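Structural overview for review
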Amino acid sequence: MSILVVGSVAFDTIATPSGRVNDILGGAATYFALAASYFTEVRMVAVVGEDFTSEHEAVLKDRGVDTRGIERTQGKTFRWGGQYLDNMNEAKTDFTELNVFEKFQPRIPKEYSDTHFLFLANIHPTLQSAVRLEMNGVRLTGGDTMNFWIQRTPKELAETLKLVNVLLINDTETKMLADDKNLPRAARKVIAMGPSALVVKHGAPALPIEEVKDPTGAGDSFAGGFMGYIASQGEINREVLKRALFYGGVMGSFAVERFGTERLQNLSRGEIDARFQLFRELTHLE
Ligand code: AMP
């Protein structure tokens with residue numbers, strides 16, 4: 001079944017112990033869409049500027065992602081700069097340039113109105129809420145956010161959290177959102193803010209990976225594998241959710257092996273399932 005993601009499409013400037021790259025294609029919605037595309041039909045709502053070329057779009061289209069909801073407008077695409085030089089598990093943001101996101105009003109194409117699943121990737125919470133309210137027929141809504149929005153737009157974020165079924169954030173974000181340093185207690189407080197389920201991601205990949213080049217997008221790729229797998233199944237039950245967590249871990253682990261979206265662009269379902277199997281053996285999932 002189809003899934004719609006709304007979130008950032010970005011040009012990222014990243015430094016890690018393995019190297020440095022400037023203005024490469026990224027953004028939360030991009031990573032999510034690529035990861036989910038291995039499981040189900042993916043649609044996107046986002047905004048880009050004049051610097052977003054047909055080659056950038058081809059990265060998504062080549063994976064079968066429906067890009068009709070990506071609006072092109074005057075100005076520059078969203079830009080983010082971050083580094084993982086001291087800590088590979090958490091990005092230190094160098095800069096955030098909202099650019100075309102400053103005036104963005106999400107418009108959902110008519111053709112998207114029958115979408116079954118929705119993911120509100122990292123973006124201004126007011127935009128997340130606007131899309132969720134328009135897509136009132138969806139079966140399940142997942143969501144993400146980050147310290148940037150938790151600190152700057154707490155009221156707007158509180159409204160978004162009431163509209164999300166499954167929230168996927170990391171442990172630092174969970175503690176910050178709840179204003180509580182104890183993780184289990186913080187998790188309980190976050191659940192009380194609205195979502196019926198909370199997935200807390202720890203920094204390091206759940207699967208031991210030999211080569212971690214660039215952690216950017218790991219969280220969004222996790223979310224793409226998680227939601228994409230759920231959308232590919234007929235029903236949502238405990239077993240499906242457990243497997244979805246594993247597929248999330250698998251997609252996150254692939255994403256970090258190369259800079260940017262490179263590794264997510266040409267995987268095969270065979271490689272994904274082989275790693276799922278490995279993961280399963282390591283953790284004895286029946
Ligand atoms: P993550 O999966 O958490 O590593 O997400 C990384 C992606 O989030 C990068 O590709 C960034 O372009 C994007 N990003 C960073 N800051 C923001 C922000 N404030 N709003 C939306 N997207 C962001």
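All of the points below concern the structure found in this document. For clarity, every value in this text was computed on a predicted model and none was experimentally measured.

**Topic: the pattern of salt bridges**
For the structure on display, the rule yields 20 salt bridges. For D180, the salt bridge goes to K189, with nearest N and O atoms at 2.8 Å. Residues joined in a network through salt bridges with shared partners are E211, K213, R258 and E262.

**Here we look at the site of the ligand**
Near the ligand lie 17 residues; those nearest to it are S8, D12, G27, G217 and D220. Here a nitrogen atom of the ligand and a side-chain polar atom of W149 are 3.4 Å apart. G219 has a polar backbone atom sitting 3.2 Å from an oxygen atom of the ligand. Isolated, the ligand exposes 510 Å² of accessible area, and the fraction of that covered by the protein chains is 88%. Listing elements by their share of the shell around the ligand, those giving two or more residues are β2 (10-16), β6 (78-83), α4 (147-152) and α8 (218-232). Broken down by element, the shell around the ligand gets its largest block of residues, three residues, from α8. Considering only residue class, the shell around the ligand consists of eight nonpolar, seven polar and two charged.

**Some remarks on the packing of helix α6 (residues 171-178) against helix α7 (residues 183-192)**
One way to put it is that α6 packs onto α7 with a least axis distance of 8 Å and a crossing angle of 65°. As for how α6 packs across α7, the hand of that crossing is left-handed. Between α6 and α7, the residues in contact are D171, T174, K175, L177 and A178 and L183, A186, A187, K189 and V190, respectively. Here the residues of the contact of α6 with α7 are counted per class, giving six nonpolar, one polar and three charged.

**Re helix α2 (residues 54-61)**
All buried positions along α2 are accounted for by E57, V59 and L60. Projected down its long axis, α2 carries its buried residues within an arc of 140°, all on one side. Opposite its buried face, α2 presents the exposed residues S54 and E55, each directed more than 90 degrees away. Next to the buried residues of α2 lie β3 (19-26), α1 (28-36), β4 (42-48), β5 (66-72) and α10 (262-265).

**Thoughts on the sheet that holds strand β1 (residues 3-6)**
What links the strands of a sheet is backbone hydrogen bonding, and the strands pair in either a parallel or an antiparallel sense. In space, the seven strands of this open sheet follow the order β5-β4-β1-β8-β9-β10-β11, with parallel pairing throughout. Of all strands in the sheet, those with a lone pairing partner are β5 and β11 (197-201), marking the two edges. Each strand of the sheet is rotated relative to its neighbour by a mean of 15°, with strand direction disregarded. Sheet topology note: the strand β10 (residues 166-170)/β11 ladder contains five bridges and is parallel.

**Points about the environment of E57**
Inspection of the secondary structure puts E57 in helix α2. On a C-alpha basis, the gap between E57 and T30 in space is 10.0 Å, while along the polypeptide they are 27 residues apart. Ignoring any residue separated from it by four or fewer positions in sequence, one finds E57 in contact with F52, T67 and R72. Among the polar contacts listed, one links the side chain of E57 to the side chain of R72, at a separation of 2.8 Å.

**Looking at the packing of helix α9 (residues 238-255) against helix α11 (residues 269-283)**
If you want to describe how two helices pack, look at the angle between their axes and the distance between the axes. Contact geometry for α9 and α11: axes closest at 9 Å, N-to-C directions at 115°. Relative to α11, the crossing made by α9 is right-handed. Every residue of α11 that contacts α9 at R243, F246, Y247, G249, V250, M251, S253 and F254 is listed here: R269, E271, I272, D273, R275, F276, F279, R280 and T283. Tallied by class, the residues present in the contact of α9 with α11 amount to eight nonpolar, three polar and six charged.

**Some words on unusual backbone geometry**
The backbone of N99 sits at a positive phi, close to 50°, despite the residue not being glycine. Tracing the backbone shows N99 in the loop between β7 (92-97) and β8 (117-120). For N99, a relative accessible area of 24% translates into the label partly exposed. Although it is not a glycine, D179 sits at a positive phi angle of roughly 55°. Here D179 falls in the exposed class, since its relative accessible area comes to 70%.

Analysis parameters
- Residues numbered from 1 in each chain as written.
- Predicted model: local features only at pLDDT ≥ 70, side-chain atom pairs only at ≥ 80, totals over all residues.
- Heavy atoms only, no water.
- Salt bridge = Lys/Arg side-chain N within 4 Å of Asp/Glu carboxyl O.
- Near = heavy atom within 4 Å.
- Polar contact = N/O pair within 3.5 Å; in protein donor to acceptor, adjacent residues only side chain to side chain.
- Areas by Shrake-Rupley, 256 points an atom, 1.4 Å probe, with all protein chains shown as cover.
- Helix = DSSP H or I, 4+ residues; strand = E, 2+ residues; numbered from the N terminus.
- Nonpolar A, V, L, I, M, F, W, Y, C, P; charged D, E, K, R; others polar.
- Axes fitted to C-alpha atoms, helices over the stretch in contact; angles between N-to-C directions.
- Left-handed = near helix turned anticlockwise from the far one by under 90°.
- Contact = heavy atoms within 4.5 Å.
- Buried < 20%, exposed > 50% of the residue type's maximum accessible area, 1.4 Å probe, protein only.
- Arc of directions from axis to C-beta.
- Pairing = 2+ DSSP bridges.

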